[in-house]
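Fold and contact review
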Amino acid sequence: MAHDGIVLEVDAVSKSFGALAALSKVSFAVRQGQVFSVIGPNGAGKSTLFNVISGLHVPTVGRVRFRGREIAGLAPEAINRLGIAKTFQITNIFPEISVFENVRVAAQSRARESGRLASLWRLPDVEPGTAELLRAFGLAAKRDELAESLSHGEQRYLEICLALATEPTLLLLDEPTAGMTPGETKEATALIRRIAAARGLTVLLIEHDMSVVMGISDRIAVLHFGEKIAEGAPEQIRNDPQVIEAYLGPPEA
Ligand code: ADP
Ligand code: MG
């Protein structure tokens, strides 16, 4: 592979809003198949980073490469078409159509954008994948209910299904467990891990809850006031003095 198994490379990215430096020279690389988490307290710059990668913001300085290709400055739709799907911090589903239709529409949008127009009209091509996704997330029994009738946690599950339905290479998740119950959070993290492994999917997870990322991540980067203050395996991060001081507090004995 020309890009040495690196799917995403964030290279000295800075993003300022007026005088505020939301991101300062942030660099890291995400390898194929990894679950890579970016953590940090509220206001650390996590969502800004996410928006830079997904094309919503153009970095003030720096580069973003996806599978070796420069993507900073491309439109969000173009980046999505290259194989980066995202979920938002705020739930983003179609409330007034059924659960099943939500996922099918997402799957079809990918078919349309990739020029596989034929499959758009042969719904059976899309349906097995859709059904499988809903089964994996425990939503199969609710497939014909309106999306708005789902619990908050189930709506977040559905949103992850929508992103997966586009068959991305890289999945960006911005605080996917926000507002979930502890039980749902545990289940969702296990599911994300399992699906990533099963599909060889690369995941970039943005989180402020440390407990969510510890069990799921191959690697973690820590943002603090827009700067990356640490990067490493979960164990390294848990014991990093700077991370503990800035963010974590002492590890539980
Ligand atoms: P996080 O997701 O880690 O909580 P954000 O990336 O949302 O942090 O925000 C980082 C900083 O940038 C915050 O101080 C926030 O107020 C600021 N910020 C984010 N987006 C904008 C924007 N569009 N315009 C101005 N300031 C912004
Ligand atoms: Mg955020």
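Residues numbered from 1 in each chain as written. Chains lettered and ligands numbered in written order. Predicted model: local features only at pLDDT ≥ 70, side-chain atom pairs only at ≥ 80, totals over all residues. Heavy atoms only, no water.

**So, the sheet that holds strand β5 (residues 69-70)**
Condition: If DSSP finds at least two bridges between two strands, the strands pair. Working definition: helices are DSSP H or I runs of at least four residues, strands are E runs of at least two. Numbering for both runs from the N terminus. Note on contacts: a residue pair is in contact if any heavy atoms of the two residues lie within 4.5 Å. Note on method: axes are straight lines fitted to C-alpha atoms, helices fitted across the in-contact stretch only, with angles between N-to-C directions ranging 0 to 180 degrees.
Spatially, the 4 strands line up as an open sheet ordered β2-β1-β4-β5, and their pairing is antiparallel. Pairing within the sheet leaves two strands with one partner each, and these edge strands are β2 (20-31) and β5. In terms of strand pairing, strand β4 (residues 61-66) meets β5 through 2 bridges, oriented antiparallel. Looking across to β5, one finds that Arg65 is bridged to Glu70. Each of β1 (6-17), β2 and β4 touches helix α1 (residues 46-54); the most contacted strand, β1, lies at about 120° to it.

**Brief notes about the packing of aromatic side chains**
To keep it simple, the criterion reads: In this analysis, rings of Phe, Tyr and Trp, with Trp reduced to its six-membered ring, are considered paired at centre separations within 6.5 Å, and the interplanar angle assigns stacked below 30 degrees, edge-to-face beyond 60, and tilted for intermediate values. Partly exposed residues are those whose accessible area sits between 20% and 50% of the maximum for their type, while under 20% is buried and over 50% is exposed, using a 1.4 Å probe and protein chains only.
For the coordinates displayed, the defined rule picks out 2 aromatic pairs. With a centroid separation of 4.9 Å and 20° between ring planes, the pair formed by Phe28 and Phe36 is classed as stacked. Of the two residues examined, Phe28 and Phe36, each falls in the buried class. Judged by centre distance (5.7 Å) and plane angle (70°), the ring pair of Phe137 and Tyr157 falls under edge-to-face. Here Phe137, found in the loop between α5 (123-136) and α6 (152-165), pairs with Tyr157, found in helix α6; they are 20 residues apart in sequence, far enough to count as distant. By relative accessible area, Phe137 is classed as buried at 3%. Here Tyr157 falls in the buried class, since its relative accessible area comes to 4%.

**So, the packing of α6 against helix α7 (residues 182-199)**
Just so we agree on the cut-off: Every angle not falling under 35 degrees, over 145, or within 65 to 115 is termed oblique; those three ranges are roughly parallel, roughly antiparallel and roughly perpendicular. Crossing handedness is read from the near helix: turned anticlockwise from the far helix by less than a right angle, it gives a left-handed crossing, and turned clockwise, a right-handed one. Think of it as three bins: nonpolar holds Ala, Val, Leu, Ile, Met, Phe, Trp, Tyr, Cys and Pro, charged holds Asp, Glu, Lys and Arg, and polar takes everything else, Gly as well.
Between α6 and α7, the least distance of the axes is 11 Å, while the angle of their chain directions is 10°. Taken together, α6 and α7 sit at an angle that is classed as roughly parallel. The element α6 and its partner α7 pack so that their crossing is right-handed. When α6 is examined against α7, the residues Gly153, Glu154, Tyr157, Ile160 and Leu164 are found in contact with a partner set consisting of Glu184, Glu187, Ala188, Leu191, Ile192, Ile195 and Arg199. The residue inventory of the contact of α6 with α7, partitioned by class, reads 7 nonpolar, 1 polar and 4 charged.

**Some points on the site of ligand 1**
Inclusion rule: For this description, a residue counts as near a given molecule or strand if any of its non-hydrogen atoms is within 4 Å of it. Polar contact criterion, stated in full: a pair of N or O atoms within 3.5 Å, where within protein one must be able to donate a hydrogen and the other to accept it, and residues adjacent in sequence count only if both atoms are side-chain atoms. The accessible surface values rely on the Shrake-Rupley method and a 1.4 Å probe; as for residues, cover is taken only from the protein chains in view.
Every residue lining ligand 1 is accounted for by Phe17, Leu20, Ala22, Pro41, Asn42, Gly43, Ala44, Gly45, Lys46, Ser47 and Thr48. Ala44 places a polar main-chain atom, nitrogen or oxygen, 3.1 Å from an oxygen atom of ligand 1. One nitrogen or oxygen atom from the side chain of Thr48 is found 2.6 Å from an oxygen atom belonging to ligand 1. Starting from 560 Å² of accessible surface for ligand 1 in isolation, the protein chains cover 59%. When contributions to the shell around ligand 1 are tallied by element, the ones reaching two or more residues are β2 and α1. With 3 residues, the single largest contributor to the shell around ligand 1 is α1. Looking at the shell around ligand 1, its residues break down into 5 nonpolar, 5 polar and 1 charged.

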